[in-house]
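# Reading the structure
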Amino acid sequence: MSEAVTRTLTSTPGFLASLDPLLREWLPRQRWFAGKGRPVTGFSLVAATELLPVEGKLGLYHLLVRAHQSPLPGDCYQLLIGVREALPPRLAPALIGHVDQGPLTGRTVYEALYDLRPAELLLEALRTRARIGGLRFEREPDQEIRSGLVPRVMTAEQSNSSIVYGDTFILKLLRRVVPGVNPDLELPLALAREGCPRVPAPTAWIRAEQAGEPYVLGVLQPFVQGASDGWELALSELAKGEDFAMEARALGRATAEVHTALARALPTVTLGHAQLELMVGGMVERLDAATQSVPALRPYAPGLRSAFEALGTLAAEGRTWTAQRVHGDLHLGQCLRSPAGQWWLIDFEGEPAKPLAERRMPQPLLRDIAGMLRSFDYAAHSAEPPIPGWAETCRAAYCSGYAEVSGVDPRTDPVLLRACETDKAIYEVVYEARHRPDWLPVPLSAVRRLAVDGDTSPSLSPSPPPRRLHP
């Protein structure tokens, strides 16, 4: 498909207008739609590429569509739209709707990822390094992709969608896309080139360019067959009343390996007084906004603010910290354990709600560590009945494992660790209040603990300095 055809599709008003009423109904229901709670007021077409001609039994469009939602600017979403005269029963769950106006009148449109032929087309395009319209299918020169792998859509995705090909590869398609260098490709590539074994190395990827801006649309990586999701594994062990400390310790070691490899691969910076003032200011602003949004947070605001003020005091006294690229959204659900017991870290996109430039900024390592510590708390609160001390044991084991590899125990920096964990817990309070009110007691229990000035729970008392295992 030529660039000329792509431009023609993009400039045809009737094309998007025919889909508009269907997308307004369908898009907000998708788990990866970021603008829930605000009505969609319209759409604009960023790009459209015809992958299979509509004149055949199956038509296929790749779309980048901006969904407008007042008062904020609209987000851009990647859609793969299949077009048929009628859907076979197996594709009924993928239905978007029946078009009654415009160039697709009389046709049925649906989410094409659930259809074998469109999914196969994506893998073949990556295998052959195809260029279709504005889409660029690229792969590492030394990586081979075998044809004929049978695709299946994974159903447990949240902010993106994934297709598994024959238990060999997994293609993660980013749904909410922004222009720029996406860390979900950038960081795994950097780690692979450093020889870090804790992250599946990208095999291939999909790019586009619009108005001179690059977009990363998807990443193909090896599929870790039989792997257990860290969150599900922790819940399983909790349900059996089993200890998770050994796995938490191994996960701490894996995190430290990734951090040390990122420090080798990409620049590190020193955070001085000016940079730390900005960081602390951002934490305080988020606290103030959260207390306005969630009244249950207000009684703890002074104590939470003291966590940030303590960090600001150290910065004013001349204390500095090293910052580097980090995972950015680390929790148990972002980790896989292979059947052989090896831990992998995945999904380096960062928190999707944050601007891309912020997600790519160097951060203190304790940002990631605080995220994992909070994740252990979440898992512990999912157990019924609760197991006393489970989260505390996991938190301590994780920090010890991290120290075994890095040579630095996170618990020896309690002021920064408390500030990072407090910032994360405040974010969680706002999220749960908006989306899952039944879960609100989980972060609020952490808020009560963190609001105690200078709090150091027994689980975060540092162990003796470990022997460094890696340079």
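Overview of the structure. Computed from a predicted model, the values in this text were never measured in an experiment. (Residues numbered from 1 in each chain as written. Predicted model: local features only at pLDDT ≥ 70, side-chain atom pairs only at ≥ 80, totals over all residues. Heavy atoms only, no water.)

Attention shifts here to the overall build of the protein. Along its length, the protein carries 13 helices and 18 strands. Over its C-alpha atoms the protein spans a radius of gyration of 24 Å, differing by no more than 12% from the 23 Å that the globule rule assigns to 471 residues. The principal-axis extent of the C-alpha atoms belonging to the protein is close to 70 × 50 × 45 Å. Out of the 471 residues in the protein, the part that is buried amounts to 54%. For the protein, contacts bridging at least 24 residues in sequence account for 68% of all contacts bridging at least 6. Approximately 20,600 Å² of the protein is accessible, and the part contributed by carbon and sulfur atoms is 55%. (Helix = DSSP H or I, 4+ residues; strand = E, 2+ residues; numbered from the N terminus. Rg over C-alpha atoms; globule rule 2.2 N^0.38 Å. Buried < 20%, exposed > 50% of the residue type's maximum accessible area, 1.4 Å probe, protein only. Contact = heavy atoms within 4.5 Å. Areas by Shrake-Rupley, 256 points an atom, 1.4 Å probe, with all protein chains shown as cover.)

This part covers the packing of aromatic side chains. In the structure shown here, the tally under the stated rule is 8 aromatic pairs. Ring centres of Trp 32 and Tyr 77 lie 6.0 Å apart, and the angle between their planes is 45 degrees; this geometry places the pair in the tilted category. Of this pair, Trp 32 sits in the loop between α2 (13–26) and β1 (42–52) while Tyr 77 sits in strand β3 (residues 72–84), and the two are 45 residues apart along the sequence. Its relative accessible area of 1% is what places Tyr 77 among the buried residues. What links up through ring pairs into an aromatic cluster is the set Trp 26, Trp 32, Phe 33 and Tyr 77. A cation sits over an aromatic face here: Arg 436 above Trp 439, 4.6 Å from the ring centre. (Phe/Tyr/Trp six-rings, centres within 6.5 Å; stacked < 30°, edge-to-face > 60°. Lys NZ or Arg CZ within 6 Å of the ring centre and 35° of its normal.)

Before going further, it helps to examine the sheet that holds strand β6 (residues 131–132). As summarised here, the arrangement of the 7 strands in space is β6-β7-β12-β13-β10-β9-β8, forming an open sheet in which the pairing is antiparallel. Strand pairing shows two members of the sheet lacking a second neighbour, β6 and β8 (151–153), which therefore form its edges. Here helix α3 (residues 116–127) sits on the sheet and contacts β7 (135–139), β8, β9 (160–165), β10 (169–174), β12 (204–210) and β13 (213–222); the angle it forms with β7, its principal contact strand, is near 60 degrees. The sheet strands contacting helix α4 (residues 183–193) are β10, β12 and β13, and the helix crosses β13 at an angle near 55 degrees. (Pairing = 2+ DSSP bridges. Axes fitted to C-alpha atoms, helices over the stretch in contact; angles between N-to-C directions.)

Following the criterion strictly, the structure yields 36 salt bridges and no others. One salt bridge connects Asp 20 with Arg 24, and the closest N-O pair in it is separated by 2.6 Å. With Asp 20 and Arg 24 both in helix α2 and 4 residues apart, the pair spans about one turn of that helix. The class for Asp 20 is buried, based on a relative accessible area of 16%. In this structure, Glu 404 and Arg 253 form a salt bridge, with 3.2 Å as the shortest nitrogen-oxygen distance. In this pair, Glu 404 sits in helix α11 (residues 390–406) while Arg 253 sits in helix α6 (residues 245–265), placing the two residues 151 residues apart along the sequence. Judged by its relative accessible area of 17%, Glu 404 is buried. The network of salt bridges with shared partners includes Arg 374, Asp 377, Arg 395, Glu 421, Glu 428 and Arg 449. (Salt bridge = Lys/Arg side-chain N within 4 Å of Asp/Glu carboxyl O.)

It is worth spelling out helix α7 (residues 273–293) at this point. Compared with an ideal rise of 1.5 Å per residue, which puts 21 residues at 30 Å, α7 spans 30 Å between its outermost C-alpha atoms and is within 8% of the ideal. Listing the buried residues of α7 in full gives Leu 276, Met 279, Val 280, Gly 282, Met 283, Val 284, Leu 287, Ala 290 and Thr 291. On its buried face, α7 is in contact with β15 (269–271), α8 (301–316), β16 (321–323), α10 (366–381) and α12 (414–435). (Expected span 1.5 Å × (residues − 1).)

Moving on: the nonpolar core. Across soluble globular proteins, nonpolar side chains show a tendency to be buried alongside one another. Formed by 73 residues in total, the largest nonpolar core has its most connected members in Phe 244, Phe 308, Leu 345, Phe 376, Trp 390 and Tyr 398. When sequence neighbours within four positions are dropped, the list of residues in contact with Phe 244 reads Gly 230, Leu 233, Ala 234, Glu 237, Leu 332, Trp 343, Phe 376, Trp 390 and Cys 394. By size, the runner-up hydrophobic cluster in this structure holds 45 residues, among which are Leu 135, Leu 149, Leu 174 and Val 177. (Core = buried A, V, L, I, M, F, W, Y, C linked by side-chain atoms within 4.5 Å.)

With that out of the way, let us pick up unusual backbone geometry. Look at the link from Ser 70 to Pro 71: it is a cis peptide, with omega at 0 degrees. The residue Pro 71 is located in the loop between β2 (59–69) and β3 in this model. Of note, the amide linkage connecting Glu 384 to Pro 385 takes the cis form, showing an omega dihedral of 0 degrees. Among the structural elements, Pro 385 can be located in the loop between α10 and α11. Even without a glycine there, the phi angle at Arg 129 is positive, about 55 degrees. Within the secondary structure, Arg 129 is located in the loop between α3 and β6. Relative accessible area serves as the criterion here: at 39%, Arg 129 is assigned to the partly exposed category.

Keep in mind these numbers describe shape, not what the thing actually does.
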